[in-house]
Amino acid sequence: MLTDRLFRVPSYRVAEARAEAAAPSYVYEFGWHSPIAPNEAGLPLGAAHSIELPFVWDTLDNPDCLRLTGPQPPRSLAAELHRRWVEFARTGELPGGVPYGAEDRSVLVFGHEGGAETGLVADPRAAERKLWEGVDFG
């Protein structure tokens, strides 16, 4: 619920508001689950906020990154995410993604279902998103 309130739903709302803008907006989600449990409760980080950054910058060998990802993060996922971010920075288009719109709400999911696969998903978590309709975050 906290992820929806702080990150997911506000991001969706900004993308929806920009749907008619001259430049397209893309939404992506990073779903790979880190096995590292850096807390006293022994709970793994999972797909925590900003866990994708070592993958984006392809810095999985950095010791500081390994403390977040563990010793065997999927290198193919890092190569793919890094390549797509570079291409987006270069062209303004996200390879494999489509501009976000209120009709299909397509999201490019990296590490789909917690694994290493990537795929375009129409309106992921639609039921949860709909629970937030009409809720004012102001």
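Going by the structure above, here's the rest.
Residues numbered from 1 in each chain as written. Predicted model: local features only at pLDDT ≥ 70, side-chain atom pairs only at ≥ 80, totals over all residues. Heavy atoms only, no water.

Undergrad: Is there a simple way to think about the sheet that holds strand β3 (residues 118–122) in this case?
TA: The strands making up a sheet associate through hydrogen bonds between their backbones, and the pairing can be parallel or antiparallel. Strand order in the open sheet formed by three strands is β1-β2-β3, with mixed pairing between adjacent strands. Every other strand in the sheet has two partners, leaving β1 (28–30) and β3 as the edge strands with one partner each. Taken over all neighbouring pairs, the strand axes of this sheet differ in orientation by 25 degrees on average, direction set aside. Summarising the sheet, strand β2 (residues 106–110) and β3 pair through five bridges and their orientation is antiparallel. Its bridge partner being in β3, L108 is matched across the sheet by L120. Of the strands in this sheet, β1, β2 and β3 touch helix α4 (residues 75–91), which is tilted by about 140 degrees from β2. (Pairing = 2+ DSSP bridges. Helix = DSSP H or I, 4+ residues; strand = E, 2+ residues; numbered from the N terminus. Axes fitted to C-alpha atoms, helices over the stretch in contact; angles between N-to-C directions. Contact = heavy atoms within 4.5 Å.)

Undergrad: Even after reading the chapter, I still don't get helix α1 (residues 2–17), so can you show me in this structure?
TA: For an α-helix the count is 3.6 residues per turn, leaving residues at separations of three or four pointing the same way. Taking 1.5 Å of rise per residue, 16 residues should cover 22 Å, and α1 covers 22 Å from first to last C-alpha, within 8% of that figure. Of all the bends in α1, the greatest, near 35 degrees, is centred on R8, and the proline P10 appears no more than four residues after it. Buried within α1 are the following residues: D4, R8, V9, Y12 and A15. Close packing links the buried residues of α1 with β1, β2 and α5 (126–131). (Expected span 1.5 Å × (residues − 1). Bend = angle between axes of the 7 residues up to and from the residue. Buried < 20%, exposed > 50% of the residue type's maximum accessible area, 1.4 Å probe, protein only.)

Undergrad: Explanation requested: a nonpolar patch on the surface in the structure shown.
TA: Together, L2, L6 and F7 make up an exposed nonpolar region whose accessible area comes to about 300 Å². In this structure F7 comes out as partly exposed when scored by relative accessible area, which is 35%. (Patch = residues over 30% accessible without salt bridge, like charges linked within 9 Å, V, L, I, M, F, W, Y side chains within 5 Å. Areas by Shrake-Rupley, 256 points an atom, 1.4 Å probe, with all protein chains shown as cover. Salt bridge = Lys/Arg side-chain N within 4 Å of Asp/Glu carboxyl O.)

Undergrad: Whenever I open this one, the pairing of β2 confuses me. Can you help?
TA: Here β2 lies mainly inside the structure; five of its five residues are buried. Burial along β2 is two-sided: the residues S106, L108 and F110 and V107 and V109 are all buried. Note: β1 against β2, three bridges, orientation parallel. Residue pairing across strands places E29 opposite V109, the latter belonging to β2.

Undergrad: When you look at the packing of aromatic side chains in this model, what are you seeing that I'm missing?
TA: Remark: the centre distance and the inter-plane angle together describe each pair of aromatic rings, the angle taken between the planes. Counting across every chain of the model gives eight aromatic pairs. Among the aromatic residues, those joined into a ring-pair cluster are Y28, W57, W85 and F110. Its end group placed over the ring of F137, R5 keeps NZ or CZ at 4.1 Å from the ring centre. (Phe/Tyr/Trp six-rings, centres within 6.5 Å; stacked < 30°, edge-to-face > 60°. Lys NZ or Arg CZ within 6 Å of the ring centre and 35° of its normal.)

Note that every value here comes from positions in space, so none of it alone points to a role or purpose.
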